[in-house]
Amino acid sequence: MASNSGSRMEVPQAKDAMNRFKMEVASEIGVNLKDGYNGDLTSREAGSIGGEMVRQMIKKQEESMK
């Protein structure tokens, strides 16, 4: 049976940290992200936030492996 854990965080405290990180990244790339509902964002804007978050996480992990 497939697990549906992809949409929830294993560590509840991580949710706040990820939300802060998302807001920080959105600010850095110039996307107007607000607390709560952001249904007015385009797919491009939403994708750019997620993509930049992944790039920064990979970069940080690579640096820690040196």
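Note: the structure precedes this text.
A brief look at the structure comes next. Quick caveat: nothing in here was measured; it's all calculated off a predicted structure. Once a new chain begins, its residue numbering starts again from 1 and follows that chain's sequence as written. Local features in this predicted model are restricted to residues of pLDDT 70 or higher, and side-chain atom pairs are both shown and tallied only at a pLDDT of 80 or more, whereas totals for entire chains, interfaces and linings draw on every residue. To obtain the side-chain values, all non-hydrogen atoms of the structure were included, while hydrogens and water were left out.

### Observations regarding the pattern of salt bridges
What makes a salt bridge here is a side-chain nitrogen of Lys or Arg within 4 Å of a carboxyl oxygen of Asp or Glu, nothing more. Per the stated rule, a full pass over the model turns up two salt bridges. The salt bridge involving Arg55 is made with Glu52; its shortest N-O contact spans 3.1 Å. Of this pair, Arg55 and Glu52 both sit in helix α2 (residues 43-64), separated by three residues, roughly a single helical turn. For helices the rule is a DSSP run of H or I covering at least 4 residues; for strands it is a run of E covering at least 2, with both sets numbered from the N terminus onward.

### Observations regarding the side chain of Glu52
Polar contact is the term for a pair of N or O atoms within 3.5 Å; when the atoms are in protein, one must be able to donate a hydrogen and the other to accept it, and sequence-neighboring residues count only if both atoms are side-chain atoms. Reaching out from Glu52, the side chain makes a polar contact with the side chain of Arg55 at a distance of 3.1 Å. Note on contacts: a residue pair qualifies if any of its non-hydrogen atoms lie within 4.5 Å across the two residues. In this view, Glu52 contacts Val25 and Ile29; residues no more than four positions away in its chain are not counted.

### Quick look at the packing of helix α1 (residues 13-29) against α2
At their nearest, the axes of α1 and α2 sit 9 Å apart, and the two run at 110° to each other. Taken together, the axes of α1 and α2 are roughly perpendicular relative to one another. Contacts between α1 and α2 pair Met18, Phe21, Lys22, Val25, Ala26, Glu28 and Ile29 from the former with Ser48, Ile49, Glu52, Met53, Gln56 and Met57 from the latter. Note on method: axes are straight lines fitted to C-alpha atoms, helices fitted across the in-contact stretch only, with angles between N-to-C directions ranging 0 to 180 degrees. Each angle receives one of four descriptions, namely roughly parallel if under 35 degrees, roughly antiparallel if over 145, roughly perpendicular if within 65 to 115, and oblique otherwise.

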